[in-house]
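Summary of the model geometry
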Amino acid sequence: MYVDRSQHTASLLNNGKVLVAGGTWVNASELYDPSIGTWSIAGAVNVMRQAHTASVLGDGKVLVAGGEGEGCDSAELYDPSMGSWTATGNLAYARQFHTASVLTNGKVLVAAGEGKGHYSAELYDPSMGSWT
């Protein structure tokens, strides 16, 4: 890896590569290609975050949500086909050390964690780019 990090996420993409995002005071993301054993830079996340979640969506994009840091009531999407990050809808509550599960209908359920909303759950709808 190019950057030392902890409290980051690692997500297996549909193309077989692994996306590593965020981490302790790191705004960079990297891709690992196991077929050739190399790392490459995958761009900067929009918000520096740690203790967040990353969920691979049905369309292959990766939803990164919450975490610890300034502006971590936000979420963003990584598009492997474009190699870029874009902001998406904000969570109702900033939360860290939470869980995120992709449901069979393609929505993402985020629940609990530390923060103001630690007794709540939110649902992300990829087709709308918003949370309820």
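Before reading on, note that the structure itself is shown above.
Residues numbered from 1 in each chain as written. Predicted model: local features only at pLDDT ≥ 70, side-chain atom pairs only at ≥ 80, totals over all residues. Heavy atoms only, no water.

For the rest of this paragraph, the subject is the side chain of serine 55. Looking at the secondary structure, you find serine 55 in strand E5 (residues 53–56). In this structure serine 55 comes out as buried when scored by relative accessible area, which is 5%. Excluding anything up to four places from it in sequence, serine 55 contacts Lys61, Val62, Leu63, Ala100, Val102 and Val108. (Helix = DSSP H or I, 4+ residues; strand = E, 2+ residues; numbered from the N terminus. Buried < 20%, exposed > 50% of the residue type's maximum accessible area, 1.4 Å probe, protein only. Contact = heavy atoms within 4.5 Å.)

With that out of the way, let us pick up the pattern of salt bridges. By the definition in use, this model includes 3 salt bridges. In this structure, the salt-bridge partner of arginine 5 is glutamate 30, at a minimum N-O distance of 2.8 Å. Here arginine 5 is found in the segment before strand E1 (9–12), whereas its partner glutamate 30 is found in strand E3 (residues 28–33), with 25 residues between them in sequence. Taking the relative accessible area as the measure of exposure, arginine 5 reaches 13% and is therefore buried. Taking the relative accessible area as the measure of exposure, glutamate 30 reaches 0% and is therefore buried. (Salt bridge = Lys/Arg side-chain N within 4 Å of Asp/Glu carboxyl O.)

A word on unusual backbone geometry. For glutamine 7, which is not glycine, the phi torsion reads 55° and is therefore positive. Relative to the helices and strands, glutamine 7 resides in the segment before E1. Residue class for glutamine 7 comes out partly exposed when judged on its relative accessible area of 36%.

Here we take up the environment of serine 6. In this structure, serine 6 sits in the segment before E1. Sequence-wise, serine 6 and alanine 51 are 45 residues apart; in three dimensions their C-alpha atoms are separated by 8.7 Å. With near-sequence residues (within four places) excluded, serine 6 lies in contact with Gly23 and Thr24. Within the local environment of serine 6, its side chain forms a polar contact with the side chain of threonine 24, the two groups lying 2.6 Å apart. (Polar contact = N/O pair within 3.5 Å; in protein donor to acceptor, adjacent residues only side chain to side chain.)

To continue, consider the sheet that holds strand E4 (residues 38–44). If you trace the 4 strands from one edge of the open sheet to the other, you get E1-E2-E3-E4, paired in antiparallel fashion. Of all the strands in the sheet, the pair left with one neighbour each is E1 and E4. Across the sheet, the mean angle from the axis of one strand to that of its neighbour is 25°, orientation sign disregarded. In this sheet, E4 lies alongside E3 in antiparallel orientation, the contact comprising 6 bridges. Within the sheet, the bridge partner assigned to tyrosine 32 lies in E4 and is tryptophan 39. (Pairing = 2+ DSSP bridges. Axes fitted to C-alpha atoms, helices over the stretch in contact; angles between N-to-C directions.)

So, on to the pairing of E1. If a strand is regular, its side chains alternate between the two faces of the sheet. The two faces of E1 differ: Thr9 and Ser11 on one face are buried, but Ala10 and Leu12 on the other face are not. In this structure, E1 lies alongside strand E2 (residues 18–21), joined through 4 bridges in antiparallel fashion. Among the inter-strand pairings, leucine 12 is bridged to a residue of E2, identified as valine 18. Hairpin connection of E1 to E2: 5 residues between the antiparallel strands, including glycine 16 at a positive phi of 90°.

Let's shift gears to the packing of aromatic side chains. Under the counting rule described, the total for this entry stands at 3 aromatic pairs. On the numbers, 5.0 Å between centres and 50° between planes, the contact of tyrosine 78 with tryptophan 85 is tilted. For the pair tyrosine 78 and tryptophan 85, one class covers both residues: buried. (Phe/Tyr/Trp six-rings, centres within 6.5 Å; stacked < 30°, edge-to-face > 60°.)

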